Amino acid sequence: MTDYQNLALVGAGGKMGMRIGANLANSDYRVHYCENNPDARERLAAEDREASDVHDVIADCDLVILAVPDVALSSVTAELVPKMRSGATLLTLDPAAAYANVLHVRDDIRYAVAHPCHPSVFLDRRTDAEAADAFGGVAATQSVAAAFDAASETEKAALEPVLRVMYGPVDNVHWVTVTQLAYLEPTLVETVTCMLGTFMKEALDETVERTGIQREAAEAMLYGHIQIALAVAFKSTNPFSDACMIAIDYGREAIIKPDWKQIFDRNELDKVIARMLKIDHVQRPERSA
Ligand SMILES: NC(=O)c1ccc[n+]([C@@H]2O[C@H](COP(=O)([O-])OP(=O)(O)OC[C@H]3O[C@@H](n4cnc5c(N)ncnc54)[C@H](O)[C@@H]3O)[C@@H](O)[C@H]2O)c1
């Protein structure tokens, strides 16, 4: 595989499509922005990105990026993959569909997945632009987690510059397997981390409602303690106090189910991914880790 030059971005007017498209538009890649929704096409037009009909351009592209909803990937790939050029690469932005083997497969097409890590909570943000960039892809540096299971190191190296532009600024691209990427997302970062974010918000609301305390006071206490809890737990900046350790143990006993680590069982991963894709069950990937 030589360097990628001619790209199709399908779903270019969606949330990820607009973000990725903004970065690709500032690169040397030749990008075709494909979108089938009239409102989304208007968003493209507002950014001076001309929409192409995917059927007119796909045969010329060496990389097809699918920024479409995960539940649509089975039908979208069934429609588009047969029209792709032999040797081209199909890139999805979330591991669920690749893990569940719902992508339309052709032996002469390469399949990759790349997901942004988002800027770290420990990132040293020095500018207002970095501080404002919570998602990444604008000013705050982030890493990328990517899988290209059947590819050689040379093929991964050829794809990496595209990923660095799409999600830039990027410090590292971490190459993992599709299965490992599925354990990162959803299991680690959605099932656990995003759930805990919503859980903390619910606890904040409950505190305000039960105690009548001013919301600002509760927010100040919570946001500062989120920061120190992460610093102590992940960076060992200082130990938790003895009394805090007792409260942590009580919280685990009261809130966390003893067998919670079953979410890392393969069957549980299959279950949550099937639920996300709205399918009955996943087909185990042949190229599992
Ligand atoms: N939104 C996020 O925060 C986020 C983060 C990381 C990865 N992702 C992944 O990015 C992908 C896209 O998610 P999103 O949130 O941007 O979705 P979205 O719903 O915001 O956008 C999807 C776009 O695809 C378009 N589309 C659907 N079918 C199409 C087709 N056949 N041809 C052309 N366009 C078509 C829709 O009109 C829409 O504009 C998913 O795989 C998702 O898991 C999303």
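These figures come from a predicted structure and were not determined experimentally.

## Thoughts on the site of the ligand
Thinking step 1. Neighbouring the ligand are 19 residues; Lys-15, Met-16, Glu-35, Asn-36 and Asp-70 lie closest to it.
Thinking step 2. Tallied by class, residues from the shell around the ligand come to 9 nonpolar, 6 polar and 4 charged.

## Concerning the pairing of strand S2 (residues 30-34)
Thinking step 1. Counted residue by residue, S2 has 4 buried out of 5 residues, so it is predominantly covered.
Thinking step 2. Bridging between strand S1 (residues 6-10) and S2 involves 5 bridges; their strand directions are parallel. From the neighbouring strand, Leu-9 faces S2, where its bridge partner is Tyr-33.
Thinking step 3. As a crossover connection, the stretch from S1 through helix H1 (residues 15-24) into S2 is right-handed.
Thinking step 4. With helix H2 (residues 38-46) bridging S2 and the parallel strand S3 (residues 51-52), this β-α-β connection has right-handed handedness.

## Side note on the domain arrangement of the chain
Thinking step 1. Partitioning the chain into domains gives domain 1 (6-176) and domain 2 (184-277).
Thinking step 2. Here domain 1 and domain 2 have C-alpha centroids that lie 31 Å from each other.
Thinking step 3. Contacts between the two partners involve 13 residues from domain 1 and, on the opposite side, 12 residues from domain 2.
Thinking step 4. Buried surface at the junction of domain 1 and domain 2, both sides included, amounts to about 990 Å², of which 75% is carbon and sulfur.
Thinking step 5. On the domain 1 side of the contact with domain 2, Ala-96, Tyr-99 and Phe-122 bury the most area, a combined 53% of that side's loss.
Thinking step 6. Inspection of the region where domain 1 meets domain 2 yields 0 salt bridges.
Thinking step 7. The interface formed by domain 1 and domain 2 contains 3 residue pairs in polar contact (both at pLDDT 80 or more).
Thinking step 8. Element by element, the count of residues in the side of domain 1 that touches domain 2 is highest for helix H5 (residues 96-99), at 3 residues.
Thinking step 9. In terms of residue class, the side of domain 1 that touches domain 2 is built from 10 nonpolar, 1 polar and 2 charged.

## Looking at the packing of aromatic side chains
Thinking step 1. Across all of its chains, the model carries 3 aromatic pairs by this definition.
Thinking step 2. A ring pair is formed by Tyr-183 and Phe-264, whose centres lie 6.5 Å apart and whose planes are at 25 degrees; its orientation type is stacked. Here Phe-264 lies in the loop between helix H10 (242-255) and helix H11 (266-277) and Tyr-183 lies in helix H8 (residues 178-211), a separation of 81 residues in the sequence.
Thinking step 3. Ring geometry for Trp-260 against Phe-264: centres 6.2 Å apart, planes inclined by 65 degrees, an arrangement best described as edge-to-face.
Thinking step 4. What makes Trp-260 partly exposed here is its relative accessible area of 29%.

Cut-offs and rules
- Residue positions are given per chain, counting from 1 as you read along its sequence in written order.
- pLDDT decides what is reported in this predicted model: residues at 70 or higher carry local features, side-chain atom pairs at 80 or more are listed and counted, and totals for whole chains, interfaces and linings draw on all residues regardless.
- Each side-chain value is worked out from all heavy atoms of the structure, with water and hydrogens disregarded.
- In this text, near means that some heavy atom of the residue lies within 4 Å of the molecule or strand in question.
- Residue type decides the class: Asp, Glu, Lys and Arg count as charged, Ala, Val, Leu, Ile, Met, Phe, Trp, Tyr, Cys and Pro as nonpolar, and the leftover types, Gly among them, as polar.
- Only protein chains enter the accessibility calculation, which uses a 1.4 Å probe. A residue is then buried if its area is under 20% of the maximum for its type, exposed if over 50%, and partly exposed in between.
- Put simply, DSSP H or I for four residues or longer makes a helix, DSSP E for two residues or longer makes a strand, and each gets a number counted from the N terminus.
- Two strands qualify as a pair provided DSSP detects at least 2 bridges between them.
- The definition of a right-handed crossover adopted here requires that, viewed with the strands pointing away, the path from the first strand over the helix to the second runs clockwise.
- An automatic or database domain assignment provides the domain bounds reported here.
- Any two residues whose heavy atoms approach within 4.5 Å are treated as being in contact.
- Buried area is calculated as the accessible area (1.4 Å probe) missing from two parts once they are joined, with the contributions of both summed.
- Take a side-chain nitrogen of Lys or Arg and a carboxyl oxygen of Asp or Glu: if they are within 4 Å of each other, that pair is a salt bridge.
- Polar contact is the term for a pair of N or O atoms within 3.5 Å; when the atoms are in protein, one must be able to donate a hydrogen and the other to accept it, and sequence-neighboring residues count only if both atoms are side-chain atoms.
- Whether two aromatic rings pair depends on their centres lying within 6.5 Å, for rings of Phe, Tyr and Trp, where Trp uses its six-membered ring; planes under 30 degrees apart make the pair stacked, over 60 edge-to-face, and the rest tilted.

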